[in-house]
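Architecture and fold: a report
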Amino acid sequence: VRANIIKKHGKGAIYDPKTAKKPSEADKVRAAAERKKRQDADNKAFADRAKKAGYKNPQDYANVVARYGSEDNMKKGRGLGT
């Protein structure tokens with residue numbers, strides 16, 4: 001059965017924890033740096049949206065968005081529960 005699955009779908013089709021490679025320290029550092037870069041970009045985009053909406057700081061904007069449940073609900077004028 002395993003041979004047929006490997007033949008049909010390729011070598012990585014079956015997960016085997018014994019042969020799974022653990023990430024090295026360099027991989028972990030690279031992944032953390034990528035996460036931080038992505039998070040910084042998200043934070044900057046949110047701050048830009050807050051500024052465009054006329055708020056003095058992003059936290060005020062976040063509080064208003066939280067009151068509505070999402071930015072989409074806020075733009076449509078819907079609150080939570082509607």
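So, how was this worked out
Residues numbered from 1 in each chain as written. Predicted model: local features only at pLDDT ≥ 70, side-chain atom pairs only at ≥ 80, totals over all residues. Heavy atoms only, no water. Helix = DSSP H or I, 4+ residues; strand = E, 2+ residues; numbered from the N terminus. Rg over C-alpha atoms; globule rule 2.2 N^0.38 Å. Buried < 20%, exposed > 50% of the residue type's maximum accessible area, 1.4 Å probe, protein only. Areas by Shrake-Rupley, 256 points an atom, 1.4 Å probe, with all protein chains shown as cover. Expected span 1.5 Å × (residues − 1). pLDDT = per-residue confidence, 0-100. Arc of directions from axis to C-beta. Contact = heavy atoms within 4.5 Å.

Now for the overall build of the protein. Looking only at helices and strands, the protein has 4 helices and 0 strands in total. Reading the protein from its N end, one meets helices and strands in the order α-α-α-α. Taken over C-alpha atoms, the radius of gyration comes to 22 Å for the protein, far larger than the 12 Å a tight globule of 82 residues would show. With the C-alpha coordinates of the protein rotated into their principal frame, the extents come out at 60 × 35 × 15 Å. Buried positions account for 7% of the 82 residues belonging to the protein. As displayed, the protein has an accessible area near 7300 Å², and 54% of this comes from carbon and sulfur atoms.

Another aspect to go through is helix α2 (residues 25-52). Helical periodicity: at 3.6 residues per turn, an α-helix aligns residues three or four positions apart in one direction. In this model α2 runs 40 Å from its N-terminal to its C-terminal C-alpha over 28 residues, within 8% of the 40 Å that 1.5 Å per residue would give. Backbone geometry just after α2 places Gly 54 at a positive phi near 95 degrees.

Below, the discussion takes up the confidence of the model for the protein. Caution applies to low-pLDDT regions: their predicted coordinates should not be interpreted in detail. Looking at the protein as a whole, the pLDDT averages 91, with 99% of positions reaching at least 70. Predicted confidence in the protein is weakest over helix α1 (residues 2-9), with a mean pLDDT of 91, and strongest over α2, with 96.

As a further point, take helix α3 (residues 58-68). Within the sequence span of α3, burial applies to Tyr 61, Val 64 and Val 65. Along the axis of α3, the buried residues cluster in a sector spanning 100 degrees; they form a single face. Every exposed residue of α3 that faces more than 90 degrees away from the buried side is listed here: Ala 66 and Arg 67. Where α3 is buried, its residues meet α2 and α4 (71-76).

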